[in-house]
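Architecture at a glance
Listed below, chain by chain, are the residues.
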Amino acid sequence: VAAYAPNIPETLIAFLATASIGAVWTSCAPEFGTRAVIDRLAQLDPVVLLAVDGYRYGTKAIDRTTEVATIRAALPSVRHVVSVPYLAGGLPDATAWDDLLAGPDPGPPTFEPVPFDHPLYVLFSSGTTGLPKAIVHGHGGITLEHLKVLALHQDLGPGDRFMWFTTTGWMMWNYLVSGLLVGATVVLFDGDPAHPDLSALWEVAAETGCSVFGTSAPFLMACRKAGLQPPRGSLRWVGSTGAPLPASGFRWVHDTVGVPVSSISGGTDVCTAFVGTSPLVPVRAGEISCALLGCAVEAFDPQGRSVPAGTTGELVITAPLPSMPVGLWGDPDGERYRASYFDVFPGLWRHGDWVTFTDDGACTITGRSDATLNRGGVRLGTSDFYAVVEALPEIVDSLVVHLDSAESDDEGGMGELLLFVALAGGEELTADLRRRITTALRSELSPRHVPDRIEAVPAVPRTLSGKKLEVPIKRILLGTPSEQAASRGSLSDPDALAWFESRATR
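Below, the structure is looked at part by part. Source: prediction; values computed, not measured. (Residues numbered from 1 in each chain as written. Predicted model: local features only at pLDDT ≥ 70, side-chain atom pairs only at ≥ 80, totals over all residues. Heavy atoms only, no water.)

Comments concerning the side chain of Ser211
Here Ser211 is to be found in the loop between helix H7 (200–207) and strand E12 (212–216). Judged by relative accessible area, which is 5%, Ser211 ranks as buried. Those residues in contact with Ser211, other than ones at most four positions away along the chain, are Leu156, Asp160, Arg161, Ser234, Leu235, Arg236 and Trp237. (Helix = DSSP H or I, 4+ residues; strand = E, 2+ residues; numbered from the N terminus. Buried < 20%, exposed > 50% of the residue type's maximum accessible area, 1.4 Å probe, protein only. Contact = heavy atoms within 4.5 Å.)

Notes on the pairing of strand E6 (residues 80–84)
The side chains of a regular strand alternate, residue by residue, between the two faces of the sheet. Counting buried residues along E6, four of its five residues qualify, which places the element largely inside the surrounding structure. As paired elements, strand E3 (residues 48–52) and E6 share five bridges and run parallel to each other. Residue Leu49 lies in a different strand from E6, and its bridge partner there is Val81. Examined bridge by bridge, E6 and strand E7 (residues 95–96) share two bridges and lie parallel to one another. Considered in E7, the bridge of Val82 is made with Thr95. (Pairing = 2+ DSSP bridges.)

Focus: the packing of aromatic side chains
By the definition in use, this model includes 14 aromatic pairs. Clustering of aromatic rings is evident, with ring pairs tying together Tyr337, Tyr341, Phe342 and Trp349. For Arg56, the ring lying beneath its charged end belongs to Tyr86, and the centroid distance is 5.7 Å. Between Lys468 and the ring centre of Tyr386, over which it is positioned, the NZ or CZ distance is 3.3 Å. (Phe/Tyr/Trp six-rings, centres within 6.5 Å; stacked < 30°, edge-to-face > 60°. Lys NZ or Arg CZ within 6 Å of the ring centre and 35° of its normal.)

Observations regarding the side chain of His153
Relative to the helices and strands, His153 resides in helix H5 (residues 139–153). Classification of His153 as buried rests on a relative accessible area of 5%. A polar contact of 2.8 Å, which involves the side chain of His153, links it to the backbone oxygen of Thr277. When neighbours within four sequence positions are excluded, His153 is seen to be in contact with Lys148, Trp237, Thr277, Ser278, Pro279, Ala291, Leu292 and Leu293. (Polar contact = N/O pair within 3.5 Å; in protein donor to acceptor, adjacent residues only side chain to side chain.)

Here we look at the pattern of salt bridges
Inspection of the entire model under this criterion finds 15 salt bridges. Among the salt bridges present, the one from Arg284 reaches Glu287, with a minimum N-O distance of 2.8 Å. Overall, the relative accessible area of 32% leaves Arg284 in the partly exposed class. With its nearest N and O atoms 3.3 Å apart, the salt bridge here joins Arg350 to Glu314. (Salt bridge = Lys/Arg side-chain N within 4 Å of Asp/Glu carboxyl O.)

Observations regarding the sheet that holds strand E13 (residues 237–241)
Overall, parallel pairing links the five strands, which are arranged E11-E10-E12-E13-E14 in an open sheet. The open sheet terminates on both sides in strands that have one partner only, identified here as strand E11 (185–187) and strand E14 (261–263). Within the sheet, the average angular offset between the axes of one strand and its neighbour, ignoring direction, is 25°. Inspection of the sheet shows E12 paired to E13 by five bridges, in the parallel sense. Residue Ser216 lies in a different strand from E13, and its bridge partner there is Thr241. Sheet strands touched by helix H8 (residues 217–225): E12 and E13. Its angle to E12, the strand with the most contacts, is close to 95°. (Axes fitted to C-alpha atoms, helices over the stretch in contact; angles between N-to-C directions.)

Dropping the structure here:
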């Protein structure tokens with residue numbers, strides 16, 4: 001069952017209902033535009049589409065009936081559309097949610113045993129290159145992993161209330177819903193987390209008596225920058241993920257809320273964290289406290305050797321953990337799955353994060369080693385940008401880079417999103433072209449995809465096989481010498497690096 005909807009309670013109920021009958025389901029959230037939704041859901045040949053007629057964000061009512069119609073037309077496999085009314089009366093030519101539930105009472109639910117790795121749901125990667133990967137997670141792995149991390153690491157159980165601000169398109173939504181596994185009550189928030197101001201989420205957490213309130217690191221830094229004094233309520237932890245949280249963010253939570261930060265890092269690929277916190281180990285400002293139980297996490301150098309404490313390396317998982325994917329949808333022989341995670345260090349999971357461990361097992365994550373963009377806690381795929389930008393006739397090529405808040409000296413914000421465009425002969429980057437680029441990104445993807453700066457470049461650096469040098473260009477812009485960031489012999493046009501070298505900031 002494929003679902004396109006924002007994070008609203010009615011839709012959550014629908015998702016849970018479909019999961020309880022053993023259907024394989026997935027979801028896409030409002031930050032995905034129609035193109036991104038179609039790119040993801042079309043891979044699955046979905047049969048049932050659950051959708052809403054729109055949603056509210058702050059004071060705005062945002063109608064989505066046209067977008068849903070476009071998505072529906074692009075998914076010929078869909079046989080039934082179920083409309084969950086939200087703004088008005090629902091969607092045309094669809095089965096109303098109330099009508100779907102109006103049949104005779106089916107009685108108590110029945111449960112059919114399935115194998116440990118029987119597919120439960122599909123989550124999508126950010127689509128750094130090519131179409132987003134459709135990651136299949138299994139019943140047993142997810143259940144075991146989420147029971148472990150929520151009960152033992154987040155210290156949740158019956159009587160607790162658990163809130164993590166997320167959309168349905170982020171794996172933290174699945175993580176949040178799994179709070180039901182440990183008997184906790186799940187608290188959901190629908191809408192703009194900054195409406196009417198940044199205190200909105202904190203007030204909900206206090207009013208509902210939350211034990212754990214989680215959000216993104218950029219949100220916490222924005223609260224700090226605004227000088228917010230949030231209510232403590234009954235919180236034991238404030239959770240942070242989605243990006244590295246600076247030490248000043250830890251101290252702000254401690255000083256204003258009076259509780260420690262539960263900083264965790266993992267990914268959609270495993271729908272959990274590799275490293276996080278525990279009630280049994282200390283929390284130090286700027287650090288993630290420990291590897292999670294059952295996670296064999298190490299830092300490797302490019303030669304595949306474990307590096308000592310204090311040295312930054314690639315985050316590698318050296319032994320299986322419960323919620324590694326069953327596989328990728330449409331990848332029957334596992335070739336794409338192996339290429340995605342196990343090719344860099346054969347037989348070992350390379351995750352794409354830079355990590356530095358301390359002598360006692362704590363660590364710091366210093367960003368992505370791959371090209372995934374992470375803005376405000378939401379991962380954005382570069383391929384989504386390129387599909388929109390390069391559809392404009394004036395643009396022949398493009399490259400997008402995100403500098404996080406620490407790299408861009410912007411502790412309180414979302415970092416800096418940079419878009420570089422190579423123009424067709426005779427074209428100029430006029431104010432009108434800039435406006436059309438931003439309008440296209442905003443309407444076809446989301447406001448999060450609108451860059452902070454757009455600059456024209458002579459050429460976009462590519463490898464001989466045609467891949468864009470996203471990560472090397474980011475490193476060059478941050479001051480890494482080009483000979484260390486990229487192998488010129490592997491480039492189709494080595495001179496294309498010169499423009500970026502001239503703009504290095506450090």
